[in-house]
Each structure stands twice: as C-alpha cells, then as structure tokens.
Amino acid sequence: MTQLGLPEDIHACLFDLDGVVTKTAVVHAAAWKEMFDAFLRERDGADFRPFDAADYDEYVDGRPRADGVRTFLASRGIDLPDGAPDDPPGAETVHGLGNRKNELVLEKIRTDGVEAYDGTLRYLEAVRARGLSTAIVSSSANCRDVLRSIGAEHFFDVRIDGVVAAERKLPGKPHPDTFLAAAEDLGVEPSAAAVFEDALAGMDAGRAGRFGYVVGVDRVGQTEALYRHGADIVVKDLAELGDAE
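Quick look at the nonpolar core
Point 1. In this structure, Leu-6, Phe-15, Phe-36, Leu-73, Tyr-123, Phe-196 and Leu-238 are the most contacted members of the largest nonpolar core, which totals 55 residues.
Point 2. Residue contributions to this core peak at eight residues, all from helix H1 (residues 25-44).
Point 3. With residues near it in sequence (within four places) discarded, Leu-73 still touches Phe-36, Phe-39, Ile-78, Leu-80 and Leu-97.
Point 4. Within the second largest apolar cluster, 19 residues are counted, among which are Ala-12, Ala-135, Val-158 and Leu-170.

Side note on the pattern of salt bridges
Point 1. Throughout the structure, instances matching the rule amount to 18 salt bridges.
Point 2. Here Lys-23 ties to Glu-115 by a salt bridge, and the two come within 3.7 Å at their closest N and O atoms. Taken together, the positions of Lys-23 in the loop between strand S1 (12-15) and H1 and Glu-115 in the loop between helix H4 (94-112) and helix H5 (118-129) put the pair 92 residues apart, joining distant regions of the chain.
Point 3. Its relative accessible area of 34% is what places Lys-23 among the partly exposed residues.
Point 4. By relative accessible area, which is 52% here, Glu-115 ends up exposed.
Point 5. Of the charged contacts in the structure, one is a salt bridge between Asp-204 and Arg-207, with a shortest N-O distance of 3.3 Å.

Points about helix H8 (residues 177-186)
Point 1. Within H8, the full set of buried residues consists of Thr-178, Phe-179, Ala-181, Ala-182, Ala-183 and Leu-186.
Point 2. Close packing links the buried residues of H8 with S1, strand S2 (133-137), strand S3 (158-160), helix H7 (162-168), strand S4 (193-197) and helix H9 (200-208).
Point 3. Trailing H8 by a residue or two, Gly-187 shows a phi angle of about 80 degrees, which is positive.

Considering the packing of aromatic side chains
Point 1. Under the criterion given, the structure shown has ten aromatic pairs.
Point 2. Here Phe-15 and Phe-196 contribute two aromatic rings whose centre-to-centre distance is 4.4 Å and whose plane-to-plane angle is 15 degrees, an arrangement assigned as stacked. Pair noted here: Phe-15 is in strand S1 and Phe-196 is in strand S4, with a separation of 181 residues, a long-range link.
Point 3. Owing to a relative accessible area of 0%, Phe-196 belongs among the buried residues under this scheme.

Let's talk about the packing of helix H2 (residues 53-60) against helix H3 (residues 65-75)
Two measures define how a pair of helices packs: the angle their axes make with one another and the distance between the axes.
Point 1. Running from N to C, H2 and H3 point in directions that differ by 120 degrees, and their axes come no closer than 9 Å. Between H2 and H3, the angle falls in the class oblique. In the crossing of H2 with H3, the sense of the turn from one axis to the other is right-handed. For the pair formed by H2 and H3, the contact residues are Asp-55, Tyr-59 and Val-60 on the first element and Gly-68, Thr-71, Phe-72 and Ser-75 on the second.
Point 2. Classifying every residue of the contact of H2 with H3 gives three nonpolar, three polar and one charged.

Here's the deal with the pairing of strand S5 (residues 213-217)
Point 1. With five of its five residues buried, S5 lies for the most part within the structure.
Point 2. Here S5 shows a buried face lined by Tyr-213, Val-215 and Val-217 and a second buried face lined by Val-214 and Gly-216.
Point 3. Taken together, S4, H9 and S5 constitute a β-α-β crossover, and its handedness is right-handed.
Point 4. Taken together, the three bridges between S5 and strand S6 (residues 233-235) define a ladder with parallel strand orientation. Note that in S6 the partner of Val-215 across the bridge is Ile-233.
Point 5. Following the chain from S5 across helix H10 (residues 223-228) to the adjacent parallel S6, one finds a crossover that is right-handed.

Conventions used here
Sequence order as written defines residue numbering, which begins from 1 separately in each chain. Side-chain atom pairs in this predicted model are given and counted only at pLDDT of 80 or more, local residue features only at pLDDT of at least 70, and totals for whole chains, interfaces and linings cover all residues. Only heavy atoms go into the side-chain values, all of them from the structure, while hydrogens and water stay out. Residues belong to a common nonpolar core when they are buried Ala, Val, Leu, Ile, Met, Phe, Trp, Tyr or Cys residues joined through side-chain atoms within 4.5 Å. Whether a residue is buried, partly exposed or exposed follows from its accessible area with a 1.4 Å probe, protein chains only, as a fraction of its type maximum: under 20%, in between, or over 50%, in that order. Helix numbering and strand numbering both begin at the N terminus, where a helix is a DSSP run of H or I of at least 4 residues and a strand a DSSP run of E of at least 2. Contacts: residue pairs with any heavy atoms within 4.5 Å of one another. By definition, a salt bridge exists where a carboxyl oxygen of Asp or Glu is found within 4 Å of a side-chain nitrogen of Lys or Arg. For Phe, Tyr and Trp, rings pair up if their centres lie within 6.5 Å, where Trp contributes its six-membered ring, and each pair is then called stacked (planes under 30 degrees apart), edge-to-face (over 60) or tilted (otherwise). What counts as an axis is a line fitted to C-alpha atoms, over the stretch in contact for a helix, and the angles between N-to-C directions run from 0 to 180 degrees. With respect to orientation, any angle under 35 degrees is reported as roughly parallel, any angle over 145 as roughly antiparallel, any angle of 65 to 115 as roughly perpendicular, and every other angle as oblique. The handedness criterion is simple: a crossing whose near helix is rotated anticlockwise from the far helix by less than a right angle is left-handed, and one whose near helix is rotated clockwise is right-handed. In this classification, Asp, Glu, Lys and Arg are treated as charged, Ala, Val, Leu, Ile, Met, Phe, Trp, Tyr, Cys and Pro as nonpolar, and every other residue, Gly included, as polar. When the strands point away from the viewer, a crossover counts as right-handed if the route from the first strand across the helix to the second turns clockwise. DSSP-based pairing: two strands are paired if at least 2 bridges between them are found.

Structure representation (structure tokens):
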C-alpha cells in the first residue's frame, strides 16, 4: 500500500460529492423526507408510513433524482407517471416529486450554506501532490455550484455529474457508467482507479465497474452494509488514509 492508503497500481481517484467531499448528504436526506412525507400524508392520510433513514439508504442515496423517486415509490407499491423533466415541483409525477425535492435542497443550502469535510480536502491535497489524477462523480445537477461554493473545483481534473450524465445519456448509480466515464476521461483503466463513496448504490457501482479499489466512507454507522455492497475498506473519514492524517 502507498502512503495514501491505496494499492501501488492505483493512478486515479474518483470521488463522490455528497457525504464524501461535502456535508450535504444530511441535507439531501432531510429534503427527501420532507418531500416524501408530504406526498404520503396527502395520499394516505394521517396514518401514513413516513419515509425513514432505512428508505434513504436503500432506495435513494447516491441515485439520480428521478431514479430515487421511482425506486422508493416502487418499494411502497406506488406507480406514478414519469412526467417531464420540467414538471412543476410537487406535480404527482416522478419528475414533479424530484423537482420538489431539489427545490427543498436548494432552499436548505441557501439558508445554511455548504461545508466540506476537512479530512477529505487534506486527502485531496495529498493525492494531487503525489501526481494522481482525480474526478468528481456525482448524480447531483448542482455539483459544480457546490464545489465552487467551497472553493474545491480546482481539486478535480474531470467532472461527471447529473448534467454531464444527462448529456451523455449515462445511467446513474448503482450502474457503474458514470464512474467508468470518469476513468475514461482521465485516460485510466478502471482497474487503476479507486472509488470513494458513502452510498450503498455507489458501492454497487464500484463493484460492478471492477475498479481497482473501493473505499467506503461511513458517516452514519453503516460500515457492515458498505462492506456487503463491495467496499475493500471502510473509513469514517478520509483523513484516516495515509498522508492526510
């Protein structure tokens, strides 16, 4: 293993955004709950079954927004029309619910701002200092704005986010396509790239893409689940890996 805590043959690092670089995973989880609980309450009445943390981990976290809506609704036996990407927030369509969730996220970010994980920023500095190439791989369409808000855009050679994925028609996590696109844009084979993820869907993507190393970042106490979904190692903070300490 190198001083970065990675195998010797790793030449590129592919980082998820929410929960790995920024402390926005909790913001997304709160927005999903607020949106789904309002929808379920309207649909089922006061005795509705709320959206909970297990639902977030299993059906939503790490997936593109519309996929998260579809997957959760399917878990409750609910079938809605897809609608159109520009459906108004709250319309009873997949895209309408997704747009309401995004509206709530942006409101929370505007109100509270965005924070980065200091351990991740130190690790990124160490990775760059040792000449490894880097990419940010996120399902978020707001990825570039979030990176700019924390002054971290310069850490990444390549960005594959929700905007780029839509342009290239790449399916999102748990499919490996966005990570594979990042590796290709960096000019490395998947076997020479490490994936850094906090979501179970991201672990699945790392395993499916046959990446050289998959680092699970456990911010919420799901170490065993991260290992089950394909992590080679799980840390609570990237500062635990080598030179970032």
